[in-house]
Structures are given as structure tokens and as C-alpha cells.
Amino acid sequence: MKAVTAFLLVLGYLALSDAAWNCQEALRLSSAAQIDAGHGRVVVTTTSRYPYTLIGNSWYRLTTLRFKHVSVGPAGLWGSDTSNRVYKYVAGNFLQTRGPSMQQVDAGGDDQVVGATTSSYASCLISSSALAYSRLGYLRWRLNTGLRLRYYSCSPADGCWGVDNRYRVHFVESVAPSTCTTANRSTVTGSNMKMVEVGTDGKVFAVNRLGNVYQRLGITNRRRQGTRWVQVPMCMRIRHVSWDLGKLWVVTNSGLIMKCTP
Ligand SMILES: *[C@@H]1O[C@H](CO)[C@@H](O)[C@H](O)[C@H]1NC(C)=O
């Protein structure tokens, strides 16, 4: 059944020939829920909340701990579990940290880690704390005052993007890695997004509440928040996306993982 679905998806892309995206089903993992790709690595959580990583032709389960969200990037591999505790992957195991309850964390920044607390406060862990964390201990997250987010994602050099509880998109031009100080925050119009992810190269993709995928276009050095959202056509409703090294990784509402190239 799923093979048929994947085939129909591919047909769907062919039908939309003006949209130059090409998607195919990635290596099968049953019931994917969330995906993050960074530095060539791919991590996934399933609807049973187990985290997996892709190595060669297999998905490997990283632990029997259950995670809401995992993220891989310059700051390493981080995740928040189903009780909103934050973990860093150290020496082949998830090492628990103490600190605020986080519903989501992101390791894609310039060695800093950002995230959203369970009360939807944007938070940030300075790069020296994030990189050095290797033994059980307390992590002092800094609140980005006045920024309320349920989802927060950073790139090393092209700023950070987030979504608040009213599904509005926020752009932060700069989060200083050594201090977590933010500069030039703005709200991006016309959104209604569930999640937004910025890749290492600064490309930005989002999923709206209907499950449609959008790319942010018009991003230039002078207009770093870009100018418009352009839909990336998909034949199924999408739950989650992540962009890395020229590939858009897509998780459908039905739990399939697709790999798309523009
Ligand atoms: C904030 O925006 C101003 C005006 O566009 C720009 O000159 C400045 O470099 C930006 N600051 C940071 C830290 O990005």
C-alpha cells in the first residue's frame, strides 16, 4: 500500500512539471513524525517517539528513550524527550541535562543551541556551554526576552526563524553565539505556519497548518528575511520538513519520508 502511495506521489510531481521539484520515497521507516538534517546527517523521530538516524542503507534506533524532537547540526546532536527534558548525544548515548523544560531544541546555529520552552519562550544556550557539555549537569538557557515561540530554528550565518503560538513567523537576523544576544527581530507576514526550518546554507522552508510546504524566496544580503513564500507542491499533507546539502527531507502526515531535490 505504501509503495503504491509513493508511486502516486512521484506521478504527482511529474504532473506538476512546472514545479521543478523531484521527490522520491527515502529508505522506509515506519511512522516517521519529525525529521532534521544537518551536516550530512539525518535524524528522525517516529510516532512512537523513538529517535533514529540514517547510516548507509539502514535506520538505526539511537536509544530506547522517547523523544519529541531531535536535531543535528554544528552544535552536535540534541533532543527533547517526551517529558521535555533536554539531552545531548555524547559518546554514543543521550546524556540528560538539567535546566528548563523544552518542547523543542535546534542544533543548527553557529554552535549555539536554541529552543522553545514548554511555555513557548524562545531560549538559547551559548556556544561554549553547548559545545562543552559532556558530563551530567545544569545548563543555563538564556531567554530571548519578548520573543515567544513554539518552534525555533537557526542557521550558522543566516539568522534564525521561529513560529509563535498564533502560527506567525518571526525572523531574527542575528543571535550572537557567545552571548545569545539577538538583533533585528521582525515578524514575517502572511504565514499561518506550524514549523519553519532554516538550513545551514540559509535556505528556509515551512509547513502551514493545512500541511502545505513553502519556501521563503527573495532572501538577499539587504533583505535577509526574504520577500515571499512560494509553495512547494506536494501531493500529500506534510507534517515536517528539513533542508540540508541540496535535499529537502519531508515527512508526510501518513508517516512516509520523502527526499526532494529542486
Ligand atoms: C541590523 O540591521 C541594520 C540595518 O539593516 C544593519 O546595519 C545591522 O548590521 C544589523 N545588525 C545585525 C547584528 O545583523
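These lines cover the structure that appears in this document, whether it is placed above or below.

Calculation rules
Residues numbered from 1 in each chain as written. Predicted model: local features only at pLDDT ≥ 70, side-chain atom pairs only at ≥ 80, totals over all residues. Heavy atoms only, no water. Salt bridge = Lys/Arg side-chain N within 4 Å of Asp/Glu carboxyl O. Buried < 20%, exposed > 50% of the residue type's maximum accessible area, 1.4 Å probe, protein only. Core = buried A, V, L, I, M, F, W, Y, C linked by side-chain atoms within 4.5 Å. Contact = heavy atoms within 4.5 Å. Near = heavy atom within 4 Å. Polar contact = N/O pair within 3.5 Å; in protein donor to acceptor, adjacent residues only side chain to side chain. Areas by Shrake-Rupley, 256 points an atom, 1.4 Å probe, with all protein chains shown as cover. Helix = DSSP H or I, 4+ residues; strand = E, 2+ residues; numbered from the N terminus. Nonpolar A, V, L, I, M, F, W, Y, C, P; charged D, E, K, R; others polar. Pairing = 2+ DSSP bridges. Axes fitted to C-alpha atoms, helices over the stretch in contact; angles between N-to-C directions.

## Let's talk about the pattern of salt bridges
According to the stated counting rule, one finds 5 salt bridges in the structure shown. Between Asp81 and Arg85 there is a salt bridge whose closest N-O contact spans 3.0 Å. With a relative accessible area of 3%, Asp81 lands in the buried category. In the salt-bridge network here, residues are joined through shared partners; they are Asp158, Glu173 and Arg224.

## What to know about the nonpolar core
Within the largest apolar cluster, 28 residues are counted, with the highest numbers of intra-cluster contacts made by Trp161, Trp229, Met234, Val241 and Leu248. Discounting chain neighbours no more than four positions away, the residues touching Leu248 are Trp21, Phe205, Val213, Met234, Val241, Ser242, Trp243, Met258, Lys259 and Cys260.

## Topic: the site of the ligand
Residues in close proximity to the ligand include Glu173, Ser174, Ala183 and Asn184, which together make up its full environment. In the environment of the ligand, an oxygen atom lies 3.2 Å from a nitrogen or oxygen atom belonging to the side chain of Glu173. Considering the ligand on its own, with 360 Å² of exposed area, one finds that the protein chains cover 33% of that surface. Mapped by element, the contributors of at least two residues to the shell around the ligand are strand 17 (169-175) and strand 18 (182-188). Residue composition of the shell around the ligand, grouped by class: 1 nonpolar, 2 polar and 1 charged.

## Describing the sheet that holds strand 4 (residues 51-55)
Strands sit in the order 2-3-4-5 across an open sheet of 4 strands; the sheet is antiparallel. Unpaired on one side and paired on the other, strand 2 (32-38) and strand 5 (58-61) mark the two borders of the sheet. Between one strand axis and the next, the sheet turns by 30° as a mean value, whatever way the strands run. Here strand 4 runs beside strand 5; their pairing, made up of 4 bridges, is antiparallel.

## Focus on the side chain of Gln112
Residue position: Gln112 is located in the loop between strand 10 (102-106) and strand 11 (113-117). Note on Gln112: relative accessible area 1%, which makes it buried. At 2.6 Å, the side chain of Gln112 and the backbone nitrogen of Asp110 are in polar contact. Ignoring sequence-local partners within four residues, the contact set of Gln112 consists of Ala75, Asp106, Cys124, Leu125, Ile126, Ser127, Cys154, Val175 and Pro177.

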